[in-house]
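One letter stands for each residue in the lines below.
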Amino acid sequence: MDYKILLMVFATVFIAELGDKTQLATLLFAADKEVSKWTVFIGASLALIATSAIGVLAGSFISDHISAKHLHYIAGVGFILIGAWTLLKA
């Protein structure tokens with residue numbers, strides 16, 4: 001196992017998830033006094049595992065057909081377009 005890659009992926013996803021809609025929704029579920037905190041934790045954890053698995057599988061499939069360099073360009077353009085759309089909608 002490449003621990004450098006593991007740490008980089010962990011740090012990137014951890015930072016990206018802080019304060020996003022998913023974390024806020026989880027916070028709201030956990031704030032309910034009648035809901036088990038363990039149930040919220042397990043449900044949120046399983047959801048993140050499932051979405052990560054989809055990302056890994058999709059990335060593996062796409063990388064068989066498109067080079068990593070082109071994927072970086074596509075992702076960069078996608079983020080720029082999302083940012084521009086967000087600014088226009090604000």
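Each chain carries its own residue numbering, running from 1 in the written order of its sequence. This being a predicted model, a pLDDT of at least 70 is required before a residue's local features are given, and a value of 80 or more before pairs of side-chain atoms are given or counted; all residues contribute to the totals for chains, interfaces and linings. Side-chain numbers come from the whole structure's heavy atoms, not from hydrogens or water.

An unreviewed UniProt entry lists the protein under the name GDT1 family protein, with Nitrosomonas ureae as the source organism. UniProt positions are given in the numbering used here, feature names are shortened, and annotations may be inferred rather than shown by experiment. UniProt lists a comment for the protein under the heading Subcellular location (unreviewed entry), and it reads "Membrane". On record in UniProt, under Sequence similarities (unreviewed entry), the comment for the protein is "Belongs to the GDT1 family."

Re the UniProt feature "transmembrane region" (unreviewed entry) in the protein
Under the feature "transmembrane region" (unreviewed entry), the UniProt entry names residues 38-59 and 71-88. The way it works is that DSSP assigns letters per residue, a run of H or I at least four long becomes a helix, a run of E at least two long becomes a strand, and they are numbered from the N terminus. Structurally, residues 38-59 comprises 100% helix and 0% strand, and the distance from its first C-alpha atom to its last is 31 Å. Helix and strand shares over residues 71-88 are 100% and 0% respectively, and the end C-alpha atoms of the span are 26 Å apart.

Here we look at the layout of surface pockets
For the largest pocket, the calculated volume is near 590 Å³. Elements that contribute at least two residues to the lining of the largest pocket include exactly α1 (3-17), α2 (21-31) and α3 (37-63). Examining the composition of the lining of the largest pocket, we find that eight residues originate from one element, α3, more than from any other. Just so you know the grouping, Ala, Val, Leu, Ile, Met, Phe, Trp, Tyr, Cys and Pro go in nonpolar, Asp, Glu, Lys and Arg go in charged, and all remaining residues, Gly too, go in polar. Along the lines of polarity and charge, the residues of the lining of the largest pocket split into twelve nonpolar, five polar and three charged. Cavities and pockets were defined on a 1 Å grid built from protein atoms only: a cavity is a group of points that admits a 1.4 Å probe but offers it no way out, a pocket is an open group of points flanked by protein on both sides within 12 Å along at least five of seven lines, and a lining residue is one with an atom within 4 Å of any such point. Grid points are joined across faces, edges and corners, and a volume is the space filled by probe spheres set on the points.

Details of the packing of α2 against α3
Between α2 and α3, the shortest axis-to-axis distance is 9 Å and the interhelical angle comes to 160 degrees. Relative to α3, α2 is oriented roughly antiparallel. Of the two possible hands of crossing, α2 and α3 adopt the one that is right-handed. Counted together, Thr22, Thr26, Phe29 and Ala30 of α2 and Lys37, Val40, Ala44 and Leu48 of α3 form the full contact between these two elements. Along the lines of polarity and charge, the residues of the contact of α2 with α3 split into five nonpolar, two polar and one charged. Only C-alpha atoms enter the line fits that serve as axes; for helices the fit covers just the stretch in contact. Angles between N-to-C directions range over 0 to 180 degrees. When describing relative orientation, an angle under 35 degrees is termed roughly parallel and one over 145 degrees roughly antiparallel, while 65 to 115 degrees is termed roughly perpendicular and anything else oblique. Rotating anticlockwise by less than a right angle from the far helix to the near helix defines a left-handed crossing, while the corresponding clockwise rotation defines a right-handed one. Throughout, a contact is declared for two residues whenever any of their heavy atoms are within 4.5 Å.

Comments concerning the environment of Thr51
You can see Thr51 is positioned in helix α3. In this structure, the C-alpha to C-alpha distance between Thr51 and His65, residues 14 residues apart in sequence, is 21 Å. Among the polar contacts listed, one links the side chain of Thr51 to the backbone oxygen of Leu48, at a separation of 3.1 Å. A 3.5 Å cut-off defines polar contacts: any pair of N or O atoms within that distance qualifies, except that in protein one atom must be a possible hydrogen donor and the other a possible acceptor, and neighbouring residues in sequence count only when both atoms are side-chain atoms.

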